[in-house]
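# Working through the structure, step by step
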Amino acid sequence: MRPRGTVAVVTGASSGIGAATALALHEAGARLVLHGRDTERLAALAERTGGAVVTGDLADITAIPALAEEILGRFGEVDVLVNNAGIGWAGPFGEMTAADVRRVIDVNLTAPIELTRALLPALRTRPAARVVFVTSIAGRTAVAGESVYSSVKAGVDAFADSLRFELAGTAVKIGVVVPGVVDTEFFARRGRAYDRKSPKPIPAERVAAAVVRAVRDDRADQYVPRWLRLPVVIRGVLPGVYRTLATRFGGSG
Ligand SMILES: NC(=O)c1ccc[n+]([C@@H]2O[C@H](COP(=O)([O-])OP(=O)(O)OC[C@H]3O[C@@H](n4cnc5c(N)ncnc54)[C@H](OP(=O)(O)O)[C@@H]3O)[C@@H](O)[C@H]2O)c1
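Summary of the structure given here. Predicted, not measured: the structure shown is a model, and the values here were computed from it. (Residues numbered from 1 in each chain as written. Predicted model: local features only at pLDDT ≥ 70, side-chain atom pairs only at ≥ 80, totals over all residues. Heavy atoms only, no water.)

### Quick look at the site of the ligand
As a matter of local geometry, the ligand sits amid 33 residues, with Ser14, Ser15, Arg37, Tyr149 and Thr184 nearest to it. Here Asn84 contributes a backbone N or O atom positioned 2.7 Å from an oxygen atom of the ligand. A distance of 3.0 Å separates an oxygen atom of the ligand from a polar atom in the side chain of Arg189. For the ligand, whose accessible area on its own is 880 Å², the fraction buried by protein is 97%. Breaking the shell around the ligand down by element, the ones donating at least two residues are α1 (16–27), α4 (98–123), α6 (147–166) and α7 (186–190). A per-element tally of the shell around the ligand places α7 first, with three residues. (Near = heavy atom within 4 Å. Polar contact = N/O pair within 3.5 Å; in protein donor to acceptor, adjacent residues only side chain to side chain. Areas by Shrake-Rupley, 256 points an atom, 1.4 Å probe, with all protein chains shown as cover. Helix = DSSP H or I, 4+ residues; strand = E, 2+ residues; numbered from the N terminus.)

Shown next, in the form of structure tokens:
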């Protein structure tokens, strides 16, 4: 699928991976709908890309049908949906409040499911369409201190896989991009810095390039960086060995 001329919606476009993805899709010729809450940052990005800004809080699940209407109203159609917006939470599980749990689930899992549900009828009218999900290595390996975040990212993965099977043979293709540690405001926002020596955070642009590949080449599944596939394979083939290693080395990310 050629991104040129397509209408691409990017959630979490105001920062980090989403902003880099918006710029990369703009370079590739897409017309953008930029979603987030930070109106100033979104306006600055819209000025650079000619994109349309739609704002809203994805924690408010009941507002998603209206949000989808507003998105569709901008260009009258949608070819690409990049479900990227997300928040982290790190620390002992017992310190999470019920509101923390609800928010992590709603923003990272319920919102992308609901937005996809609301936009799917429009995507299905297009000759070619893509839905790309930005998940996390935490969802594939389970990271200590990030139990709820890991579980919702695993949920997004399972949703994406299931939808890919369901839509096989249609023009709507599903892609998943699985980043490791990325140099964005994610860690500052979750209130716990990334303090491990390795792996080193990678630039958001590398993840954005993978999102563009998912759109262009219909890539179902990409790890960024690629070596992250290794712990996932070990976990699948040798779960006991994986658990021993993760217990010893797998502190919070
Ligand atoms: N950074 C990493 O190491 C890493 C690793 C693996 C996966 N990821 C995933 O990558 C995605 C992007 O994260 P990032 O690293 O780019 O972090 P980021 O710089 O903090 O960006 C997060 C984006 O999500 C949006 N967002 C957060 N809460 C929202 C809400 N309630 N309603 C609407 N939008 C909301 C923010 O927009 P506003 O502030 O404008 O609301 C922002 O644009 C997330 O799904 C994250 O889980 C990140």
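The discussion continues.
### Focus: the environment of Gly50
Of note, Gly50 is situated in the loop between α2 (39–49) and β3 (52–55). Under the relative-accessibility criterion, Gly50 is labelled exposed at 57%. Spatially, the C-alpha atoms of Gly50 and Val33 are 9.3 Å apart, while their sequence positions differ by 17 residues. (Buried < 20%, exposed > 50% of the residue type's maximum accessible area, 1.4 Å probe, protein only.)

### Regarding the sheet that holds strand β2 (residues 31–36)
Taken in spatial order, the seven strands of this open sheet run β3-β2-β1-β4-β5-β6-β7, and their pairing is parallel. The open sheet has two edge strands, β3 and β7 (221–224), and neither has a second partner. Adjacent strand axes in the sheet meet at a mean angle of 15 degrees when their direction is disregarded. In this sheet, β2 lies alongside strand β1 (residues 7–11) in parallel orientation, the contact comprising five bridges. (Pairing = 2+ DSSP bridges. Axes fitted to C-alpha atoms, helices over the stretch in contact; angles between N-to-C directions.)

### Looking at the packing of aromatic side chains
Evaluation of the coordinates by the stated rule reveals four aromatic pairs. With a centroid separation of 5.2 Å and 85 degrees between ring planes, the pair formed by Phe186 and Phe187 is classed as edge-to-face. Given a relative accessible area of 22%, Phe186 falls into the partly exposed group. Judged by centre distance (5.4 Å) and plane angle (45 degrees), the ring pair of Phe187 and Tyr194 falls under tilted. Residues Phe187 and Tyr194 agree in their burial class; the two are buried. Among the aromatic residues, ring-to-ring pairing joins Tyr149, Phe186, Phe187 and Tyr194 into one connected group. (Phe/Tyr/Trp six-rings, centres within 6.5 Å; stacked < 30°, edge-to-face > 60°.)

### Quick look at the pairing of β2
The buried fraction of β2 is high, at five of six residues. Read as a crossover between parallel neighbours, the route from β1 over α1 to β2 is right-handed. As judged from the four bridges shared by β2 and β3, these two strands associate in the parallel manner. Following the sheet pairing, Val33 is matched in β3 by Ala52. The parallel pair β2 and β3, bridged by α2, forms a crossover whose chirality is right-handed. (Right-handed = clockwise from strand over helix to strand, strands pointing away.)

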